[in-house]
Amino acid sequence: MSQFWKPGTERPRLIDDEEGGVLFYSTSALSSSSSGYGFASVEKQRQRLPVYKYRTAILYLVETHATAIIVGETGSGKTTQIPQFLKEAGWAEGGRIIACTQPRRLAVQSVASRVAEEMGVKLGEEVGYTIRFEDVTNTDLTRIKFLTDGVLLREMMDDPLLSKYSVIMVDEAHERSLSTDILLGLLKKIQRRRPELRLIISSATIEAKKISSFFSPSKRRQALQTEDHGPNAEPAILSVEGRGFNVEIFYVEDPVPDYLQAAVSTVLSIHDQEAMGDILMFLTGQDDIDAAVQLLSEESRNGRNQGLIILPLYSGLPRADQDLVFSPTPRGKRKVVISTNIAETSLTLEGIVYVVDSGFSKQRFYNPITDIESLIVAPISKASARQRAGRAGRVRPGKCYRLYTEQYFLKEMSAEGIPEIQRSNLVSSVIQDPMISKTILASNQYGCSEEVITIAALLSMQSIWISARGTEKELDEVKLRFAAAEGDHVTFLNVYKGFIQSNKSSKWCHKNFINYNAMKRALEVREQLRRIAQRLGIVLKSCEGDIQVVRKAITAGFFANACRLEPYSYNGTYKTVRTSQEVYIHPSSVLFRVNPKWVIYNSLVSTDRQYMRNVISIDPSWLREAAPHFYQHQQPKPIAH
């Protein structure tokens with residue numbers, strides 16, 4: 001077994017670096033090879049990672065400090081190696097668990113798989129992961145657990161002090177996701193009650209000073225902790241260099257009118273003129289990515305891009321398709337990964353030599369006045385641009401093609417992105433999914449809980465339909481087979497019924513343009529909701545076809561999302577009852593162009609106008625019945641004589 005620093009032995013030598021962090025020089029113990037693994041090649045790969053020579057230093061900091069801040073570039077190996085170092089040093093003994101959080105589900109799954117593979121164990125046993133609606137852990141066996149920061153926040157509801165964890169590593173803290181920021185705030189509080197808990201905050205950019213000052217204790221607390229001979233409450237900072245090669249940056253001479261078309265053209269130029277090596281293209285979301293895949297596929301049919309393997313990457317993609325991104329590129333071929341900003345820091349893709357950066361990403365922005373949260377395509381920050389460029393220098397010197405001007409990058413691009421906590425609706429952070437919860441509770445009263453938990457499970461999916469360029473007409477025809485006059489929620493019930501009657505057939509899904517993986521996940525979510533409902537004493541009962549009570553239950557939960565069709569409206573303009581905001585039924589809804597007089601929506605999305613997604617028709621009298629404190633009947637004014 002490898003040797004590690006232990007208290008009482010010679011301490012590793014350290015010096016200050018220019019950023020005010022601490023750089024460690026490893027002792028001779030680090031050069032000894034590990035014999036604790038049966039897979040010599042895997043161990044050699046581990047030893048080649050930049051973080052490997054810092055393991056003594058990392059373990060020293062974790063032992064002596066309550067909080068360790070580790071600054072390391074993406075690709076340094078910090079995410080996969082540090083949890084293993086901690087386990088090997090004994091932090092998972094006595095039934096304790098080492099946790100490592102990630103902002104994204106896909107990163108959790110891929111990192112957990114990689115660590116299990118390196119340790120030679122089955123995923124779900126000694127190494128496991130938990131994401132929303134998917135728990136691949138074993139209570140008795142799991143010692144290293146990867147999870148999203150949102151899942152760890154939910155765990156706090158049952159165990160506010162997170163007492164089963166000995167070390168919690170918060171990875172990718174620089175992304176400043178809403179859940180990450182809230183988690184860091186709560187962990188600081190937990191540390192006061194549990195001084196023995198160790199925190200590792202990992203970031204790919206130099207935000208170490210901010211994080212350090214946030215976790216620095218008051219002088220009084222520091223003095224108390226010193227008296228108790230506990231770990232040093234002052235955070236320690238460690239800088240770990242990456243393993244990057246030089247990346248040459250190219251800019252466009254003039255702003256591009258269409259970044260999607262420019263990105264596709266750039267990929268084709270690289271393929272025509274540059275040496276072999278995989279390409280990573282950054283776009284904003286699934287629609288953009290699907291369009292780029294389509295354009296490149298059309299070029300392939302014209303014989304221009306022979307040898308390209310075109311692979312999309314976004315969070316809603318089926319797991320099997322996600323895994324293709326990580327598979328080795330066949331000899332003589334070139335892989336083109338077309339991704340959202342998920343590949344910016346969360347995932348490391350080997351073999352990337354060229355990066356095409358559109359300069360945009362989809363970002364969530366909340367307007368508290370209109371109460372509308374919009375997903376907007378917005379320019380990225382300089383920090384993001386540098387992260388994207390860095391993906392090209394993993395295996396050899398690379399090139400990054402930025403589809404914006406150098407002048408724009410230097411003079412106009414913001415240095416850092418706006419943290420999500422400053423541009424989000426914080427309701428879901430304070431209370432978990434309140435409208436759905438209220439709907440499920442109301443379904444008990446109306447006797448339709450079976451139908452409502454089915455609807456709730458399907459609403460939790462990004463989309464149950466598969467849409468691709470060129471198949472819009474066929475998809476609309478298929479939707480008509482399931483369409484219910486009452487709206488999308490009841491249509492979902494029809495889809496679910498058909499899926500169950502088909503014996504959960506993937507062929508049936510394919511034929512009906514339905515996402516098979518989304519339906520499978522929805523079944524798991526439904527089972528979880530069913531168990532929670534039973535635990536709360538909700539009687540699971542079917543409405544036996546009485547759809548009106550289902551609509552009443554939905555109204556009880558989503559009464560604040562009621563809208564009325566504008567009188568004499570020819571273009572389907574609705575106004576929200578609460579704020580008189582102009583909204584429209586989304587084209588994907590079965591009620592698009594049907595325009596019932598009163599509707600309730602599940603969510604609003606903002607593109608060229610405000611669109612209601614997942615819409616159901618209601619009777620306005622149900623609003624007063626569901627929320628008399630919110631709605632009052634307005635008496636008509638008497639006509640003056």
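What you are looking at is a predicted structure, and each value in this text was computed from that prediction instead of being measured. Each chain carries its own residue numbering, running from 1 in the written order of its sequence. Totals for whole chains, interfaces and linings use every residue, but because this is a predicted model, local features are given only for residues with pLDDT of at least 70 and side-chain atom pairs only at 80 or more, for both listing and counting. Water and hydrogen atoms were dropped before computing side-chain values, which therefore reflect all heavy atoms in the structure.

### Quick word on the overall build of the protein chain
Reasoning step 1: Helix and strand assignments come from DSSP, with helices taken as H or I runs of at least 4 residues and strands as E runs of at least 2, each series counted from the N terminus. Counting its secondary structure elements, the protein chain contains 22 helices and 23 strands.
Reasoning step 2: Only protein chains enter the area calculation, which uses a 1.4 Å probe; residues under 20% of their type maximum are buried, those over 50% are exposed, and those in between are partly exposed. When burial is assessed residue by residue, the protein chain has 52% of its 641 residues classed as buried.
Reasoning step 3: Throughout, a contact is declared for two residues whenever any of their heavy atoms are within 4.5 Å. Of the contacts formed within the protein chain by residues at least 6 apart in sequence, a portion of 71% connects residues at least 24 apart.

### Digging into helix H17 (residues 472-482)
The periodicity of an α-helix, 3.6 residues per turn, causes residues three or four places apart in sequence to face the same way.
Reasoning step 1: Every buried residue belonging to H17 is among Leu475, Val478, Lys479 and Phe482, and all of these are buried. An end-on view of H17 places all buried positions within 105 degrees of arc, on one side of the element. Across H17 from its buried face, at more than 90 degrees, point the exposed residues Lys473, Leu480 and Arg481.
Reasoning step 2: Those residues of H17 that are buried are in contact with helix H18 (488-501) and helix H19 (506-511). Regarding the arc, it is the one traced by the directions from the helix axis to the C-beta atoms.

### A look at helix H9 (residues 259-273)
Reasoning step 1: By definition here, a helix of n residues has an expected span of 1.5 Å times n minus one. End to end, H9 covers 21 Å across 15 residues, agreeing with the expected 21 Å (1.5 Å per residue, within 8%).
Reasoning step 2: All of the buried residues in H9 are Tyr259, Leu260, Ala262, Ala263, Val264, Thr266, Val267, Leu268, Ile270 and His271.
Reasoning step 3: Two N or O atoms form a polar contact when they lie within 3.5 Å of each other; inside protein one atom must be a possible hydrogen donor and the other a possible acceptor, and for residues adjacent in sequence the pair counts only when both atoms belong to side chains. Capping the start of H9 is the job of one residue whose side-chain oxygen sits 3.0 Å from the backbone nitrogen of Leu260: Asp258.

### Here we look at the packing of helix H15 (residues 434-446) against helix H16 (residues 449-459)
Reasoning step 1: Put simply, H15 and H16 touch, their axes get as near as 8 Å, and they point 165 degrees apart. Our classification of the angle between H15 and H16 gives roughly antiparallel. In this structure, H15 crosses over H16, and the sense of that crossing is left-handed. Across the interface between the two elements, Ile436, Thr439, Ile440 and Ser443 from H15 touch Ser449, Val452, Ile453, Ala456 and Leu459 from H16.
Reasoning step 2: When its residues are assigned to classes, the contact of H15 with H16 shows six nonpolar, three polar and no charged. Only C-alpha atoms enter the line fits that serve as axes; for helices the fit covers just the stretch in contact. Angles between N-to-C directions range over 0 to 180 degrees. When an angle is under 35 degrees it counts as roughly parallel; over 145 it counts as roughly antiparallel; between 65 and 115 it counts as roughly perpendicular; any other value is oblique. In this scheme, a crossing is called left-handed if the near helix is turned counterclockwise away from the far one by less than a right angle; it is called right-handed if the turn is clockwise. Under the scheme applied, nonpolar residues are Ala, Val, Leu, Ile, Met, Phe, Trp, Tyr, Cys and Pro; charged residues are Asp, Glu, Lys and Arg; polar residues are all the others, including Gly.

### Let's talk about the nonpolar core
Reasoning step 1: Counting 54 residues, the largest nonpolar core has Cys448, Ile464, Trp465, Ile514, Met519, Ile600 and Leu623 as its most contacted members.
Reasoning step 2: Counting 35 residues, the second largest nonpolar core, distinct from the first, contains Leu61, Met119, Ile200 and Ala236. Nonpolar cores are built from buried Ala, Val, Leu, Ile, Met, Phe, Trp, Tyr and Cys residues. Side-chain atoms within 4.5 Å join them into one set.

### Things to note about a nonpolar patch on the surface
Reasoning step 1: A patch consists of residues exposed above 30% relative accessible area that lack any salt bridge, with like charges linked at up to 9 Å and nonpolar side chains (Val, Leu, Ile, Met, Phe, Trp, Tyr) linked at up to 5 Å. Reported accessibility uses the Shrake-Rupley method at a 1.4 Å probe radius. Residues are deemed covered only where the shown protein chains occlude them. By definition, a salt bridge exists where a carboxyl oxygen of Asp or Glu is found within 4 Å of a side-chain nitrogen of Lys or Arg. Among the surface-exposed residues, Ile421, Leu426, Val427, Val430 and Ile431 lie close enough to one another that they form a single nonpolar patch of about 420 Å² accessible area.
Reasoning step 2: Looking at the element boundaries, Val427 is found in helix H14 (residues 427-430).

### Observations regarding the pattern of salt bridges
A side chain of one charge can pair with a side chain of the opposite charge when the charged atoms of the two come close.
Reasoning step 1: According to the stated counting rule, one finds 20 salt bridges in the structure shown.
Reasoning step 2: A salt bridge links Lys473 to Glu477; its shortest N-O distance comes to 3.3 Å. One end of the pair is Lys473 and the other is Glu477, both in helix H17 and four residues apart, which spans about a single turn.
Reasoning step 3: Exposure remark for Lys473: the relative accessible area of 61% places this residue in the exposed category.
Reasoning step 4: Residue classification places Glu477 among the partly exposed residues on the basis of a relative accessible area of 43%.
Reasoning step 5: Put simply, Lys552 and Glu625 hold a salt bridge, and the shortest N to O gap is 3.8 Å.

### Topic: the side chain of Ser424
Reasoning step 1: With respect to the element layout, Ser424 can be found in the loop between helix H13 (406-412) and H14.
Reasoning step 2: In this structure the side chain of Ser424 is engaged in a polar contact, spanning 2.8 Å, whose partner is the backbone oxygen of Glu420.
Reasoning step 3: The residues contacting Ser424, other than those within four sequence positions of it, are Leu178, Arg364, Tyr366 and Glu373.

### Quick notes on the confidence of the model for the protein chain
Reasoning step 1: Per-residue confidence for the protein chain gives a mean pLDDT of 85, with 88% of residues at or over 70.
Reasoning step 2: In this model, residues 1-9 is a region of pLDDT below 50 whose contacts with residues beyond four sequence positions or in other chains number 19 contacts.
Reasoning step 3: By definition, pLDDT measures how confident the predictor is in each residue, and it falls between 0 and 100. Low pLDDT, under 50, characterises residues 13-38; the predicted model gives this stretch 53 contacts beyond four residues in sequence or across chains.

### Quick look at the side chain of Glu420
Reasoning step 1: Inspection of the secondary structure assignment puts Glu420 in the loop between H13 and H14.
Reasoning step 2: Lys and Arg are tallied as positive, Asp and Glu as negative. Neither His nor the chain termini are counted. Here Glu420 is buried and forms no salt bridge, its nearest opposite-charge partner Arg364 lying at an N-O distance of 4.0 Å.
Reasoning step 3: Within the local environment of Glu420, its side chain forms a polar contact with the backbone nitrogen of Leu178, the two atoms lying 2.8 Å apart.
Reasoning step 4: Sequence-distant contacts of Glu420, defined by excluding residues within four places in its chain, comprise Arg176, Ser177, Leu178 and Arg364.

### Concerning the sheet that holds strand S18 (residues 398-402)
Reasoning step 1: Judged by pairing direction, the sheet is parallel, and its six strands sit side by side in the order S11-S18-S15-S12-S14-S13 without closing on themselves. Only two strands of the sheet have a single partner each, and these edge strands are strand S11 (247-251) and strand S13 (308-313). The sheet shows a mean angle of 20 degrees between the axes of neighbouring strands, taken without regard to direction.
Reasoning step 2: Following DSSP output, two strands are said to pair if at least two bridges run between them. Judged from the five bridges that link them, S11 and S18 form a sheet pairing that is parallel. Looking at the pairing, Tyr251 lines up with Arg402 of S18.
Reasoning step 3: Across the sheet, helix H12 (residues 382-390) touches S11, strand S12 (278-282), strand S15 (352-357) and S18, and the angle it forms with S18 is around 140 degrees.

### Overview of the packing of aromatic side chains
Reasoning step 1: Stacked, tilted and edge-to-face pairs are distinguished by plane angle, under 30 degrees for stacked and over 60 for edge-to-face with tilted covering the rest, among Phe, Tyr and Trp rings (Trp via its six-membered ring) whose centres lie within 6.5 Å. Throughout the structure, instances matching the rule amount to eleven aromatic pairs.
Reasoning step 2: Their ring planes at 35 degrees and their centres at 5.0 Å tell us that Tyr259 and Phe360 sit as a pair that is tilted. Of the two residues, Tyr259 sits in helix H9 while Phe360 sits in strand S16 (residues 360-367), which places them 101 residues apart along the sequence.
Reasoning step 3: What makes Tyr259 buried here is its relative accessible area of 17%.
Reasoning step 4: Judged by centre distance (5.8 Å) and plane angle (80 degrees), the rings of Phe482 and Trp508 are edge-to-face. Linking Phe482 in helix H17 with Trp508 in helix H19, this pair joins segments that are 26 residues apart in sequence.
Reasoning step 5: Overall, the relative accessible area of 9% leaves Phe482 in the buried class.

### Concerning the pairing of strand S10 (residues 236-240)
Consecutive side chains along a regular strand alternate between the two faces of the sheet.
Reasoning step 1: Across the five residues that make up S10, a large majority, five, are buried.
Reasoning step 2: Of the two faces of S10, the one carrying Ala236, Leu238 and Val240 and the one carrying Ile237 and Ser239 are both buried.
Reasoning step 3: Sheet topology note: the strand S3 (residues 67-72)/S10 ladder contains five bridges and is parallel. Considered in S10, the bridge of Gly72 is made with Val240.

### Section: the environment of Leu403
Reasoning step 1: Relative to the elements of secondary structure, Leu403 occurs in the loop between S18 and H13.
Reasoning step 2: Leaving out residues up to four positions away in the same chain, Leu403 has contacts with Val252, Val256, Tyr259, Ala262, Ala263, Thr266, Val356, Asp357 and Ser358.

### Some details on the packing of helix H4 (residues 105-119) against helix H11 (residues 319-326)
A pair of packed helices can be characterised by two numbers: the angle between their axes and the separation between those axes.
Reasoning step 1: Remark: H4 packs on H11, axes separated minimally by 12 Å, with the N-to-C direction vectors making an angle of 60 degrees. On the basis of the axis angle, H4 is oblique to H11. The interaxial crossing formed by H4 with H11 has right-handed handedness. Between H4, through Leu106, Gln109, Ser110 and Ser113, and H11, the contact on the second element is made entirely by Arg319, Gln322 and Phe326.
Reasoning step 2: In the contact of H4 with H11, the residues fall into two nonpolar, four polar and one charged.

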